[in-house]
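# Structural overview for review
The lines below spell out each chain.
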Amino acid sequence: MATTKTDPKLPLAANGGKKSKSYDGLTREQLIKAYRLMYTSRRIDDREILLKRQQKIFFQMSGAGHEAIGVAAGLALKPGYDWFYPYYRDRALCLALGVEPYQMFLQGVGAADDPSSGGRQMPSHWSYPALHIVTQSSPTGSQILQAVGCADGGRFLARHPKAAEIPADAKDYRQFKNISFQNDEITYVSLGDGTSSEGEFWEAMNVSALGKLPVIFCVEDNGYAISVPVEVQTAGGSISQLVSGFPNFHFEEVDGTDPVASYAAFTRAAKYCREGHGPAFVHAHVIRPYSHSLSDDERLYRPDAERERDAQRDPVTRTQMFLLREGILDDKGINQLEKEVEAELQAAVDRALDALPPAPESVMNFLYSPDLDVTSRMFETQPAAAEASDGKKPTAKTMADLINATLRDEMKRDERIVIFGEDVADCSREEYLKRKLVKGKGGVFKLTFGLQCDFGNDRVFNSPLAEAAIVGRATGMATRGLKPVVEVQFFDYIWPAMMQLRDELPTIRWRSNNGFSAPCVIRVAIGGYLTGGAIYHSQCGESIFTHIPGLRVVFPSNALDAAGLLRTAIRCDDPVLFLEHKRLYRESYGRAAYPGPEYMIPFGKAKIVHEGTDITVVTYGAVVPRALQAAQKLEREQGTKVELIDLRTLNPFDWETIAVSVAKTNRVLVAYEDTLSWGYGAEIAARIADQLFDQLDAPVRRVAAKDIFVPYQPILEDAVLPQPNDLYLAMRDLAKY
Ligand SMILES: Cc1ncc(C[n+]2csc(CCOP(=O)(O)OP(=O)(O)O)c2C)c(N)n1
Ligand SMILES: [Mg+2]
């Protein structure tokens, strides 16, 4: 650990005015460049504020007061080489990395040609693929875990350079994911002082310290989070103090309004990271001379005296004074520079105001991969011949076995696959395995058993117990072109990752207008019928995720489908939530021989489990075997023939198969394990009522769980979850119409 602290209240470094002098590594030319960038940044803010008042743009976030630290970071790091997860105040950083003012104004007007998002995101939500500025969102802090994943991904690639290659026969996502990496690259991530209160920040600090990852965390501390001052935000008032116990870090605390001191701090931080010692933390004291945003008036909570005190430290004015004092520029030089900037900005604004807006119909573009259609026949292959080498029929395997076998074969095929999560490794203390003291765990359900032993702990490893970190880190890695296949141990505990799953992962491609994508797989053990699982090991809730555009949701009911769909999930180019029903893991229903290393099932193709002509039952997951039991009973008893449809994937879902079946049976039951109201089947039922009304001879019925939690005592659990008899009664009732 190394710590460097400069007094944030010191005036700008005044080192004399000799022409050959270097200012902590910055030349006079670089200082002039720094001032130009800072001044440009401030003036863009001023122009945007004007444009907002004229209602020519729709939102404004300023980077005012943060210019010096941003420019310093931009000069110390390398665009298109290092990676950047900047937050909304990092205008000056982006300019220093090479973003043009015109491009910023294009974002303000929401132009079709806005390179960040094509009019989809607010201004100051940076995204410039060529510069390695990764698309940013609005939730404070969710970028931090992704930055850690990005750094992790870069280091993985440095250790496994062959993974970056695209094999000629790679008919999968890799064709569309060109990878670049550098052995000594750094990932920069910034955040405000308020954002350092977010749990994800602490998860990211922990993960990067554990892995000694080359991440520079820059906290731009302007003393406020909107109206909340630092002393009620951060215990003790200093984030530097709070994080000082993290091992493997290099720490800097600096006056972030001083470009020279800031550059020096970043140079030291970057050196530490590039040399592979670990992450760095730069705590930059800055100011916020304008209100939080144009929707905020800071005079409501900050008296004039306080604001004037801040103004004394304005980085733009201070740098100008510094250049004059050091004789680097005189009045004339300053005037000329500022005039040039004004002219450049005027031209940029004029051009941006003429730019065309996006076409309304373009809004649906890039929700999913435009290159690889996950519903296409490309993902339709036949199972390998089910014959063992001795000519006997191979034994039928469980869903757990086939998921494990599929993961193993895919890992052999594609070196970009990494697996992590809670307990997924065989044994983190590898020497126990080597000395054959232990057999290894491989997941609480043993789905990943043996994979660490086969592929090493670079590719299969335990993560800290932090779900947001699992998903956020996977997102960052996938952005770099890797294929994380991560596990969330129980669906009941997916909620800490909800910000990543709702606001980040599925939005990345759309919000960056296809500039970035993060196709990874999140495997999750879901569901009840466990006799003793109780409220926190039995939940469903798939509709919460099918409600999220951009996220594929898969829910297999048997071993063969699980193998085929998991392979598709891994090879496809979209993010996938892969829901595995715990009760089905080792059920005797639906066992199958391993279908071989190429078996795939396209998404959006339902399976007719049982053909019939009288009633359609639409279901999925663990309700499939229960509905089959009910249907067989009804057929035995009264000859009613039920057509049982297993949807297999919930987003996309197979509307065509439903429609064809309902046209034949004219009666439909939608059955699902989740709570009845607002559940997944509610949408299916509504669509049937809406679009197939003419075909119906009976009301659309639903059978699902009671609107309550799953209890522990099996008698109570049975009362809550849909049972074969509930399904039977509903089918029998429908048959009467
Ligand atoms: C998760 C989340 N909560 C709340 C908000 C609303 N919000 C936007 S910025 C902000 C304050 C951020 O303060 P800080 O991190 O200090 O950054 P600063 O704006 O001061 O640079 C808040 C509360 C948000 N965008 N995301
Ligand atoms: Mg702040």
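Notes on the structure follow. Here the structure is a predicted model, which means the values were calculated and not measured.

Let us look at the pattern of salt bridges. Inspection of every chain in the model, using the stated rule, returns 46 salt bridges. One salt bridge connects Glu 275 with Lys 271, and the closest N-O pair in it is separated by 2.9 Å.

Computed from the structure, the largest pocket encloses a volume of approximately 530 Å³. Lining the largest pocket are 20 residues, and of these Gly 223, His 285, Val 286, Asp 310 and Arg 313 sit closest to its centre. Of all the elements in the fold, those that place two or more residues in the lining of the largest pocket are strand E8 (280-285) and helix H9 (304-311). Looking at the lining of the largest pocket, the element that brings in the most residues is H9, giving three residues. Counted by class, the lining of the largest pocket contains six nonpolar, six polar and eight charged residues. In terms of lining residues, the second largest pocket is bounded by 19 residues, among which Asp 152, Arg 155, Asn 457, Phe 461 and Arg 473 are the most central. If one sorts the elements of the lining of the second largest pocket by residue count, helix H5 (residues 142-159) sits on top with four residues. Tallied by class, residues from the lining of the second largest pocket come to eight nonpolar, six polar and five charged.

Within the protein, Asp 193 (OD), Asn 222 (OD1) and Tyr 224 (O) serve as the donor atoms for the magnesium ion (ligand 2), at 2.0 to 2.1 Å. In the primary sequence, the donor residues of the magnesium ion (ligand 2) line up as D-x28-N-x1-Y. Placement of Asp 193 in the loop between strand E3 (187-192) and helix H6 (199-211) and of Tyr 224 in strand E5 (residues 224-225) is noted, with a sequence separation of 31 residues between them.

As a packed pair, H6 and helix H15 (residues 467-479) sit with axes 9 Å apart at the nearest point and diverge in direction by 70°. Considering their axes alone, H6 and H15 lie roughly perpendicular with respect to each other. Contact residues: H6 offers Glu 200, Glu 203 and Val 207, while H15 offers Ala 468, Ala 469 and Arg 473. Classifying every residue of the contact of H6 with H15 gives three nonpolar, no polar and three charged.

If you walk across this open sheet you meet the five strands as E15-E17-E16-E19-E20, and the pairing is mixed. Both edges of this open sheet fall to strand E15 (607-610) and strand E20 (701-705), since each of them pairs with a single strand only. Ignoring strand direction, the axes of neighbouring strands in this sheet form an average angle of 25°. Alignment of E15 against strand E17 (residues 642-646), held across three bridges, turns out to be antiparallel. Looking at E17, one finds that His 610 is bridged to Leu 644. Of the strands in this sheet, E15, strand E16 (615-619), E17 and strand E19 (668-675) are in contact with helix H20 (residues 623-638), which crosses E17 at around 175°.

Turning our eyes to something else, we now look at helix H19 (residues 559-571). Here H19 contains 13 residues, and its C-alpha end-to-end distance of 19 Å stays within 8% of the 18 Å for a straight helix at 1.5 Å per residue. Extensive coverage of H19 is indicated by the burial of twelve of its 13 residues. Residues of H19 that are buried include every one of Ala 559, Asp 561, Ala 562, Ala 563, Gly 564, Leu 565, Leu 566, Arg 567, Thr 568, Ala 569, Ile 570 and Arg 571, and no others. Between the side-chain oxygen of the N-cap and the backbone nitrogen of Leu 560 there are 3.2 Å, and the N-cap of H19 in question is Asn 558.

Now for the sheet that holds strand E9 (residues 417-421). With mixed pairing, the seven strands of this open sheet are ordered in space as E10-E9-E11-E12-E14-E13-E18. Of all the strands in the sheet, just strand E10 (460-462) and strand E18 (649-651) have a single pairing partner and so form its edges. Sheet twist, expressed as the mean angle between neighbouring strand axes with direction ignored, is 20°. Sitting on the sheet, H15 touches E9, E10, strand E11 (483-488) and strand E12 (521-526), and the angle it makes with E11 is about 170°.

Time to look at unusual backbone geometry. That bond from Asn 651 to Pro 652 is cis: its omega, 5°, falls within 30 degrees of zero. Positive phi, close to 50°, is recorded for Asp 24, a residue that is not glycine. Along the polypeptide, Asp 24 turns up in the loop between strand E1 (2-5) and helix H1 (28-53). A relative accessible area of 47% means that Asp 24 is categorised as partly exposed. With a phi angle near 75°, Asn 514 is a residue other than glycine that sits in the positive phi range. Position of Asn 514 among the secondary structure elements: in the loop between helix H17 (508-511) and E12. Classification of Asn 514 by relative accessible area gives partly exposed; the value is 28%.

Calculation notes
- Residues numbered from 1 in each chain as written.
- Chains lettered and ligands numbered in written order.
- Predicted model: local features only at pLDDT ≥ 70, side-chain atom pairs only at ≥ 80, totals over all residues.
- Heavy atoms only, no water.
- Salt bridge = Lys/Arg side-chain N within 4 Å of Asp/Glu carboxyl O.
- 1 Å grid on protein atoms, 1.4 Å probe; cavity = no way out; pocket = protein on both sides within 12 Å on 5 of 7 lines; lining within 4 Å.
- Points joined across faces, edges and corners; volume = space filled by probe spheres on them.
- Helix = DSSP H or I, 4+ residues; strand = E, 2+ residues; numbered from the N terminus.
- Nonpolar A, V, L, I, M, F, W, Y, C, P; charged D, E, K, R; others polar.
- Donors = N, O, S within 2.8 Å, 3.2 Å for Na, K, Ca; no water.
- Axes fitted to C-alpha atoms, helices over the stretch in contact; angles between N-to-C directions.
- Parallel < 35°, antiparallel > 145°, perpendicular 65-115°, else oblique.
- Contact = heavy atoms within 4.5 Å.
- Pairing = 2+ DSSP bridges.
- Expected span 1.5 Å × (residues − 1).
- Buried < 20%, exposed > 50% of the residue type's maximum accessible area, 1.4 Å probe, protein only.
- Polar contact = N/O pair within 3.5 Å; in protein donor to acceptor, adjacent residues only side chain to side chain.

Interpretation note: all reported values are geometric properties and have no functional meaning in isolation.
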